[in-house]
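# Secondary and tertiary structure notes
Now for the letters of each chain:
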Amino acid sequence: MKSYQQFLAELKRRHVFKVATIYGVVAFILLQVADLLGQGLRLGDTFMPFVTAIVLLGFPLALIVAWAFELTPEGMQRTSAPAAGEIEGIVEAPASQRWPAGLMALVGVAALVAGAWWVGRQTAPATGGTQTAADGTGAEARAQPDADSRLQLAYVDLSDDPRPSIAVLPFDDMSPEGDQEYFSDGMTEEILNVLAKIRELRVAARTSTFALKDQDLTATQWGDTLGVQYFVEGSVRKAGDQLRITAQLIDAADGSHLWSDQYDRSLDDVFAIQSEIAAAIAGALKIPLGLKADDALVTPTSDMAAYDLYLTGRARMRERGKSLNEAIQLFEAAVARDSNWAPAWAALAEVKEIRIWYAETFDPGEWTRENISRSLKDAEAAARRALESDSRNASAYVALASVQRDRGQWAESEATYRHAIVLDPDHAEAHMQYSELLVLTGRVDEAVRAADRAATLDPVPIRFEILGYALYLDDRLTEAIEAYRLGTRRDPDVGLVYLWMIAADAHVMEGRTEEATALYESAAQAMGRVYRRSQSEPSTASPSRDEIEAYVKTVASSGELAAVPQSMRALLVPAHWMMLDEPDSAIARMLQISGGGPPANIAWEIWAPEVDRIRNDARLQDLLEARDLAGARVQRTPPADRTRPMTLDRGQ
């Protein structure tokens, strides 16, 4: 025991206890400061583990130095031998003099361990190995503990989904002047968004319900068409700052009313009404709200003018085209009035990213990489601003992930998309945009699953366009044509001419010449012209039926280029050039497509089956390397592992 006490006395004499105390406390403070700097400067996920490792390794070194050296007026010197009786004096001193040094050393060690444990908790991967979102917003934005189950839920067959399903039909505008449709539509969308936050409920996407606006269907028809068990319908009457909102929950199986209510309130109570409606619906369906202590169903603003600007902006954003510029102005005005309102910032981020794909939103000659990059920078700033106010805003994550994808930040983008899906497994836009990322990187097998989920949740034309193309790249042309057929059936006014054109392209590749001719001709007649597949101006004259037929038959039969009418050559896609045995022209076309749009844009056709035999061409390999995809290989679903897409099985 005496030798043990002498050793402790020697530690005290050499100031080892004092160094341990100071080092532990300083290390704890240093780790907190480093974490704040890492978040503020966005130094990446490896920064804190690196700092922690340095701090932990430094601790034993500091103790060794304290034992071996002492600070003297002449500087650092080797620790001298104890004076006669010095050790004995320390050992024989009262406990009140001996214990404090040891206890303070233990405090220092505890501070060091606590700091390292805290960093470990913040940087640990989510349950199930889910990547954390590369958003720079810190621990609050990381994947939730049930991330793995949420991702599994995101891809379960809807027939096996145990959650009740519901749709929110567009609310009727009952205002005196009939001029508040944008407000009633906005109320519909907001109630839908509130319901989507209830984890035990599956909510149909707004685009699906709005596509059926003004249709007079029975309850059963609503349920069958939207694939839901229940639906909400109602009306909004807005006069000045007074609101009357009615809502009712209906069982689609028999049309019975499960709940209904009427709210006569002032405009300032609009967010409270949304929460009350959602809570009442959850109660009627006997499902828990599933909220955590810091969660809320609604993210309100106290500035109702900002809310009005936001709703109007959402209406403009849905119109696409040049209306996107007006939407930007409206959202900017909304955040100027309430700079802490996350939904407006998220919407601004979405529209800033979306507009880069619409050349008409830029002034003539201004659709350049420089201006596109500037718009992406603005979109990222808005998305991060939204996440500062609400770290669970899935739409903000989708916008941020799309910006990262457009820049070619493939890993960061994937992590952010996956985090958005964990937050909201039924976010159709997240699934669709994620599928586009997977296509761009050649993972077309996974892209099929993501696109299928988007189309299943939200069966509108654009979803079928992406699903069809993913299936085609997966060498499943027949199924791709089924998807295109479903999409064009939902696009009777040819609102998406591109969908009609790629459907026609696919029919050509499968040798269905009559269907291909009809699709090309329908698009030409409906629009008065045929859009080029590039970003150049559309042709001024539509080709004749004879020219279309000559084009289709020549390509389908792998004929000679000379037989393709001059008026139709601009329509030749890379696969068609390959069918005509013109590989150099196919490569030139892919390079042309990849030359426009955002920095990471790359022709999806590079992963097409027809391009397999020329993908190793140096020009295409250089293109992949320039997009940080050097060595990438197309990944398709093995025939034995293919399963029919849910959307096609359900006959959507």
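Up top is the structure these notes are about.
Here goes a summary of the coordinates provided. Just so it is clear, the model here is predicted, and its values are computed rather than measured. (Residues numbered from 1 in each chain as written. Predicted model: local features only at pLDDT ≥ 70, side-chain atom pairs only at ≥ 80, totals over all residues. Heavy atoms only, no water.)

A tally of regular secondary structure across the chain gives 27 helices and eight strands. Buried residues in the chain amount to 52% of all 652 residues. Sequence separation of 24 or more characterises 64% of the internal contacts of the chain that already satisfy a separation of 6 or more. Summing over all exposed atoms, the chain offers an accessible surface of approximately 29100 Å²; the carbon and sulfur share of this is 53%. (Helix = DSSP H or I, 4+ residues; strand = E, 2+ residues; numbered from the N terminus. Buried < 20%, exposed > 50% of the residue type's maximum accessible area, 1.4 Å probe, protein only. Contact = heavy atoms within 4.5 Å. Areas by Shrake-Rupley, 256 points an atom, 1.4 Å probe, with all protein chains shown as cover.)

For the structure shown, the criterion picks out two cavities of 30 Å³ or more. Taken as a whole, the largest cavity encloses approximately 80 Å³ of empty space. Residue assignment for the lining of the largest cavity shows that the elements contributing at least two residues are α19 (461-473), α20 (477-489), α21 (497-509) and α24 (574-579). Counted by class, the lining of the largest cavity contains ten nonpolar, no polar and three charged residues. (1 Å grid on protein atoms, 1.4 Å probe; cavity = no way out; pocket = protein on both sides within 12 Å on 5 of 7 lines; lining within 4 Å. Points joined across faces, edges and corners; volume = space filled by probe spheres on them. Nonpolar A, V, L, I, M, F, W, Y, C, P; charged D, E, K, R; others polar.)

A few words on the pairing of strand β6 (residues 230-239). A large share of β6 lies buried, amounting to seven of its ten residues. With three bridges connecting them, strand β3 (residues 165-168) and β6 associate as parallel partners. Along β6, the bridge assignment pairs Ile-166 with Tyr-230. Sheet analysis places strand β4 (residues 172-173) next to β6, joined by two bridges and oriented parallel. Note that in β6 the partner of Asp-172 across the bridge is Ser-235. As paired strands, β6 and strand β7 (residues 242-251) are joined by ten bridges and run antiparallel to one another. Within the sheet, the bridge partner assigned to Gly-234 lies in β7 and is Ala-247. (Pairing = 2+ DSSP bridges.)

The subject of this paragraph is unusual backbone geometry. Excluding glycine, residues mostly carry a negative phi; peptide bonds, for their part, are mostly trans. Positioned with a positive phi, Asp-475 is a non-glycine residue whose angle comes to about 65°. Positionally, Asp-475 belongs in the loop between α19 and α20. You can call Asp-475 partly exposed: its relative accessible area is 45%. Phi is positive for Asp-628, which is not a glycine, with a value near 60°. By the element assignment, Asp-628 lies in the loop between α26 (618-626) and α27 (646-649).

Every α-helical turn comprises 3.6 residues, leaving residues that sit three or four positions apart pointing alike. Helix length check: helix α16 (residues 410-423), at 14 residues, gives a terminal C-alpha distance of 20 Å against a target of 20 Å (1.5 Å per residue), a fit within 8%. Burial within α16 is extensive, with eleven of its 14 residues counted as buried. Within α16 the residues assigned to the buried category are Trp-410, Ser-413, Glu-414, Ala-415, Thr-416, Tyr-417, His-419, Ala-420, Ile-421, Val-422 and Leu-423. (Expected span 1.5 Å × (residues − 1).)

Right, let's get into the pairing of β3. The two faces of β3 match: Ser-165 and Ala-167 on one face and Ile-166 and Val-168 on the other face are all buried. By the bridge criterion, two bridges tie β3 to strand β5 (residues 202-203) in an arrangement that is parallel. Of the residues in β5, the one forming a bridge with Ser-165 is Arg-202.

Let us now look at the packing of aromatic side chains. Applying the stated criterion across every chain, the model contains eight aromatic pairs. Centre to centre, the rings of Phe-183 and Tyr-307 are 6.2 Å apart; their planes meet at 85°, and the pair counts as edge-to-face. Of this pair, Phe-183 sits in helix α7 (residues 181-196) while Tyr-307 is found in helix α11 (residues 304-319), placing the two residues 124 residues apart along the sequence. Per residue, the accessibility class of Phe-183 equals that of Tyr-307, and both read buried. Put simply, the rings of Phe-183, Tyr-307, Tyr-310, Phe-331 and Trp-341 touch in pairs and so form one group of aromatic residues. The side chain of Lys-238 reaches across the aromatic face of Phe-183, ending 5.4 Å from its centre. The lysine or arginine in question, Arg-355, covers the ring of Phe-362, its NZ or CZ lying 4.0 Å from the ring centre. (Phe/Tyr/Trp six-rings, centres within 6.5 Å; stacked < 30°, edge-to-face > 60°. Lys NZ or Arg CZ within 6 Å of the ring centre and 35° of its normal.)

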